[in-house]
Amino acid sequence: MKRNSTLVNLLLFILGACTITLSCASDKDSPDTASGTVFISATPENLIFDTSAGEGALTIKSDADWQISSSESWCSVFPSGGLRNEEVKVQVKVSANNSFKARTAVLNIKSSSVKKEIIVEQAAMEYSDEITAPDGYFLVWHDEFDDAAATQPDLSKWWYEEWAPGFVNNELQRYVAGARGSDRTAEVSDGTLKITARKSGNEVISARLNTRELWTYGWFEARLKLPKGRGTWPAFWMMPADGSNWPYCGEIDIMEEVGTNPNYTSSSIHTKEYNHTIGTQKTAERLTPGAEDEFHIYALEWTPDYIKTYVDGKLLFSFFNDKAGRQETWPFDKPFHPILNLAWGGSWGGMNGVDENALPATFEIDYVRVFQK
């Protein structure tokens, strides 16, 4: 019996040692997720792109299953994850950056309780004062507002409209011809035109400027920085010489924005059959990040066949000639002139009320250019 007991004890000891050895080996092969010692390898640790659309790659490996995501919609990744100890090449794609501001995205890699970040940087467009015509077009008119001696718009190129409050769209401002007393509503300084809505006595005054020349078809472009504040309603748009028979005469809105919905810029057309009073207007809207903090380029291409608008070179809105020969649907076959104005309140700008603490508010215009074929 004693010999058998000794043998049994010996066997139990050997089995216990094996169990300990196997357990240790198993622990060694698995990541210590509880203490956060999972290892993630990702190369390179940052990616840099120029302004154009492009793609790059990351090589990722981790000793636990992992996932990856991007903080920005303009930067995408595929695949979105991988398995433990598997080396995976992740494709990183960026869309074109058509703005004048550099941007950054963060790629977040998560494996168990451990996280790693990869930075993706994309360059901004370089702004140049050099005038470049779109393909097939040539410059026919422009105002760069860069005359160092000028303090107000060139009245050989522009004329003011003067309106009482409520004249259109229930807007609250009074349009005056550049100033009322010492309260200026339009002035030129430091290379830009500034249209300002401000309190003057018991009223808010602002400016509405029209070009003296009119054109049929062409490429119309302005570089703009929009005002801030609930109640502001800046616009860059076009009307024919006689706009009294609205909406039959037609209207082209290249850029509109209301401060109650900041940085969302829109384009629209209005005709007798397509207009906002009957809810049939043709329009498109998109977030333009930084529209109230920096300049962006808003453009219209108008041909006998279509109207298209662009923000920083990216198509926003299209409206095509139905070729029916009816002014009710296509009144865009006669001369129109560009208009710049800053409204206050009104049926759209004041849809959520106005905040007079935002005054004075300034709509800043770097240039207006007209090109034709």
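Provided above is the structure to which this section pertains.
Now for a look at the structure at hand. Counting restarts for each chain, with residues numbered from 1 along the sequence as it is written. Side-chain atom pairs in this predicted model are given and counted only at pLDDT of 80 or more, local residue features only at pLDDT of at least 70, and totals for whole chains, interfaces and linings cover all residues. Remark: hydrogens and water are excluded; side-chain values derive from all non-hydrogen atoms of the structure.

1. Considering the layout of surface pockets
Definitions used for this entry: grid spacing 1 Å over protein atoms alone; cavity, a set of points where a 1.4 Å probe fits but cannot get out; pocket, an open set with protein on both sides within 12 Å along at least 5 of 7 lines; lining residue, one with an atom within 4 Å of a point. Grid points are joined across faces, edges and corners, and a volume is the space filled by probe spheres set on the points. When its volume is computed, the largest pocket comes out at roughly 800 Å³. Strands here are runs of E lasting at least two residues and helices are runs of H or I lasting at least four, both read from the DSSP assignment and numbered beginning at the N terminus. If one sorts the elements of the lining of the largest pocket by residue count, strand S20 (residues 232-240) sits on top with five residues. Put simply, the second largest pocket is a space of about 570 Å³. Lining the second largest pocket are 21 residues, with Asn97, Ser99, Arg103, Leu287 and Pro289 positioned closest to its centre.

2. A closer look at empty space enclosed by the protein
Scanning all chains against the criterion turns up one cavity of 30 Å³ or more. Taken together, Trp163, Ala164, Pro165, Gly166, Phe167, Val168, Glu171, Gln173 and Tyr175 make up the lining of the largest cavity. Basically, the charged four are Asp, Glu, Lys and Arg, the nonpolar ten are Ala, Val, Leu, Ile, Met, Phe, Trp, Tyr, Cys and Pro, and anything else, Gly included, counts as polar. Here the lining of the largest cavity is composed, by residue class, of six nonpolar, two polar and one charged.

3. Some thoughts on the nonpolar core
To define a nonpolar core, start from buried Ala, Val, Leu, Ile, Met, Phe, Trp, Tyr and Cys residues and group those joined through side-chain atoms within 4.5 Å. Only protein chains enter the area calculation, which uses a 1.4 Å probe; residues under 20% of their type maximum are buried, those over 50% are exposed, and those in between are partly exposed. If you look at the biggest cluster of nonpolar residues, it comprises 45 residues, and the most contacted ones within it are Leu224, Trp302, Ile307 and Leu340. Per-element tally for this core: the top contributor is strand S28 (residues 361-372), with five residues. Beyond its immediate chain neighbours, meaning those up to four positions away, Leu224 contacts Phe236, Met255, Glu294, Phe295, His296, Tyr298, Leu340, Phe363, Glu364 and Ile365. Pairs of residues are marked as contacts when any of their non-hydrogen atoms sit within 4.5 Å.

4. Digging into the packing of aromatic side chains
Paired rings are identified among Phe, Tyr and Trp, the last through its six-membered ring, by centres lying within 6.5 Å, and are further divided according to the angle between planes into stacked (under 30 degrees), edge-to-face (over 60) and tilted (the rest). Within the structure shown, the criterion is met by 18 aromatic pairs. Relative to Phe220, the ring of Trp215 has its centre 6.2 Å away and its plane inclined at 65 degrees; by these criteria the two rings are edge-to-face. Note on accessibility: Trp215 and Phe220 belong to one class, buried. Summarising the aromatic geometry, the rings of Trp233 and Trp348 are spaced 5.7 Å apart at their centres and angled 85 degrees between planes, so their arrangement reads as edge-to-face.

5. Structural notes on the pattern of salt bridges
Note that side chains of opposite charge can pair when their charged atoms are close. For salt bridges, the criterion is a side-chain nitrogen of Lys or Arg within 4 Å of an Asp or Glu carboxyl oxygen. Counted according to the given criterion, the structure contains 13 salt bridges. Here Glu144 ties to Arg369 by a salt bridge, and the two come within 2.9 Å at their closest N and O atoms. One end of the pair, Glu144, is in the loop between strand S10 (138-143) and strand S11 (158-160); the other, Arg369, is in strand S28, with 225 residues separating them in the sequence. Glu161 is the salt-bridge partner of Arg208, the closest N and O atoms lying 2.9 Å from each other. Taken together, the residues span a long stretch of sequence, with Arg208 in strand S18 (residues 208-211) and Glu161 in the loop between S11 and strand S12 (174-175) at a distance of 47 residues. Salt bridges linked by common partners bring Arg174, Arg180 and Glu203 together as one network.

6. Looking at the sheet that holds strand S27 (residues 336-344)
When DSSP finds at least two bridges between two strands, those strands are taken to pair. Taken in spatial order, the seven strands line up as S11-S18-S27-S20-S21-S22-S23 in an open sheet, and their pairing is antiparallel. Every other strand in the sheet has two partners, leaving S11 and strand S23 (282-287) as the edge strands with one partner each. Averaged over all pairs of adjacent strands, the angle between strand axes in this sheet comes to 15 degrees, irrespective of strand direction. With three bridges joining them, S11 and S18 adopt antiparallel strand pairing. The residue bridging Trp159 from the neighbouring strand is Asn210, located in S18. Only the stretch in contact is used when a helix axis is fitted, and all axes are lines through C-alpha atoms; the angle between N-to-C directions ranges over 0 to 180 degrees.

7. Quick notes on the sheet that holds strand S8 (residues 103-111)
Strand order in this open sheet of five strands is S2-S9-S8-S4-S6, and the pairing throughout is mixed. In this open sheet, the two strands that pair with only one neighbour each are strand S2 (46-49) and strand S6 (81-82). Both S2 and strand S9 (residues 114-122) contribute to a ladder of four bridges, which runs parallel. Bridge pairing links Phe49 to Gln122 in S9.

8. Re the side chain of Thr309
Mapped onto the secondary structure, Thr309 falls in strand S25 (residues 306-311). Once you skip the residues sitting within four places of it in the chain, Thr309 turns out to touch Ile254, Ser267, Ala299, Leu300, Lys314, Leu315, Leu316 and Phe317.

9. Description of unusual backbone geometry
Note the cis peptide between Thr43 and Pro44, where omega equals -10 degrees. Tracing the chain through its elements places Pro44 in the loop between strand S1 (40-43) and S2. With an omega of -5 degrees, the peptide bond between Leu359 and Pro360 qualifies as cis. Secondary-structure assignment places Pro360 in the loop between helix H2 (346-349) and S28. Although it is not a glycine, Asn170 adopts a positive phi angle of roughly 60 degrees. Non-glycine residue Asp312 carries a positive phi angle of around 50 degrees. Accessibility expressed as a relative area gives 10% for Asp312, which makes it buried.

10. Concerning the environment of Ile109
Relative to the helices and strands, Ile109 is located in strand S8. For Ile109, a relative accessible area of 0% corresponds to the buried category. Residues Ile109 and Trp348, 239 residues apart in the sequence, show an inter-C-alpha distance of 44 Å. Look past the residues within four positions of Ile109 in its chain and what remains in contact with it is Ile40, Ala42, Ile60, Trp66, Gln67, Ile68, Val114, Lys115, Lys116 and Ile118.

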